[in-house]
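Chain and residue survey
The lines below spell out each chain.
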Amino acid sequence: MAKLALKNRAKKREALVKKFAAKRGALKSRIGDQTLSMEERLEAQHRLQALPRNASPTRLRNRCSITGRPRGTFRMFGLGRNKLREAALRGDIPGLIKASW
């Protein structure tokens, strides 16, 4: 189980990403707009760099919703591999069964 501080940090990052998503998108579109002057695009780039680092979506890490484990997380279920297996064996996830061949 992950430390509570790591789970809280991940939640804080998610909130920052959501808060600055529109602003980041607008600045990135201005940077890529070839019709603007180079000074305007450079100013937009500086403003983008001035945003908090944790506002970038690339800093997010997928974590298990139950344990907070950062590795082996299945996006479709939002669970780590261990908890996904336990839930599948209990029958909590419809249509998901343990493979055997």
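On a predicted model such as this, the values are computed, not experimentally measured, just so you know.

On the surface, F74, M76 and F77 cluster together to form a nonpolar patch covering roughly 330 Å² of accessible area. Along the chain, the position of M76 falls in the loop between β1 (73-74) and β2 (79-80).

This part is about the layout of surface pockets. Its boundaries defined by the atoms lining it, the largest pocket holds a volume of some 220 Å³. The wall of the largest pocket is formed by K7, A10, K11, E14, L60, R61, N62, R63, C64, S65, I66 and G68. Residues of the lining of the largest pocket, tallied by class, amount to four nonpolar, three polar and five charged. In this model, the second largest pocket occupies a volume close to 180 Å³. Lining the second largest pocket we find F77, R81, L84, R85, A88, L89, L96, I97, K98 and A99. For the lining of the second largest pocket, a count of residues per class yields seven nonpolar, no polar and three charged.

Below, the discussion takes up helix α2 (residues 38-50). For α2, spanning 13 residues, the distance from its first C-alpha to its last is 18 Å, which sits close to the expected 18 Å at 1.5 Å a residue. Regarding α2, the residues found buried are R41, A44 and L48. Buried residues of α2, viewed axially, fall in a sector of 60°; they line one side. Facing away from the buried side of α2, by more than 90 degrees, are the exposed residues M38, E39, Q49 and A50. Residues of α2 that are buried sit in contact with α1 (4-32).

Definitions and limits used
The numbering scheme is per chain: residues are counted from 1 as the chain's sequence reads. With pLDDT at 70 or above as the cut-off, local features in this predicted model cover only qualifying residues; side-chain atom pairs require 80 or more to be listed or tallied, and sums for whole chains, interfaces and linings still use all residues. Only hydrogens and water are set aside when side-chain values are computed; all heavy atoms of the structure are taken into account. Every patch collects residues that have over 30% relative accessible area and no salt bridge, joining them within 9 Å if they carry like charges and within 5 Å if they are nonpolar side chains (Val, Leu, Ile, Met, Phe, Trp, Tyr). Residue-level accessible areas treat just the shown protein chains as cover; the underlying method is Shrake-Rupley with a 1.4 Å probe. Whenever a carboxyl oxygen of Asp or Glu lies within 4 Å of a side-chain nitrogen of Lys or Arg, that contact is scored as a salt bridge. Helix and strand definitions follow DSSP, with helices as H or I runs of at least four residues and strands as E runs of at least two, each counted in order from the N terminus. Put plainly, a pocket is an open set of points on a 1 Å grid over the protein atoms alone with protein on both sides within 12 Å along at least five of seven lines, a cavity is a set where a 1.4 Å probe fits but cannot get out, and a lining residue has an atom within 4 Å of a point. Grid points are joined across faces, edges and corners, and a volume is the space filled by probe spheres set on the points. Gly is placed with the polar residues, together with every amino acid not listed as nonpolar (Ala, Val, Leu, Ile, Met, Phe, Trp, Tyr, Cys and Pro) or charged (Asp, Glu, Lys and Arg). By this rule the span expected of a helix is its residue count minus one, scaled by 1.5 Å. Working definition: with a 1.4 Å probe on protein chains only, accessible area under 20% of the residue-type maximum means buried, over 50% means exposed, and in between means partly exposed. Comment: arc refers to directions from the helix axis out to C-beta atoms. Throughout, a residue-residue contact means that at least one pair of heavy atoms, one from each residue, lies within 4.5 Å.

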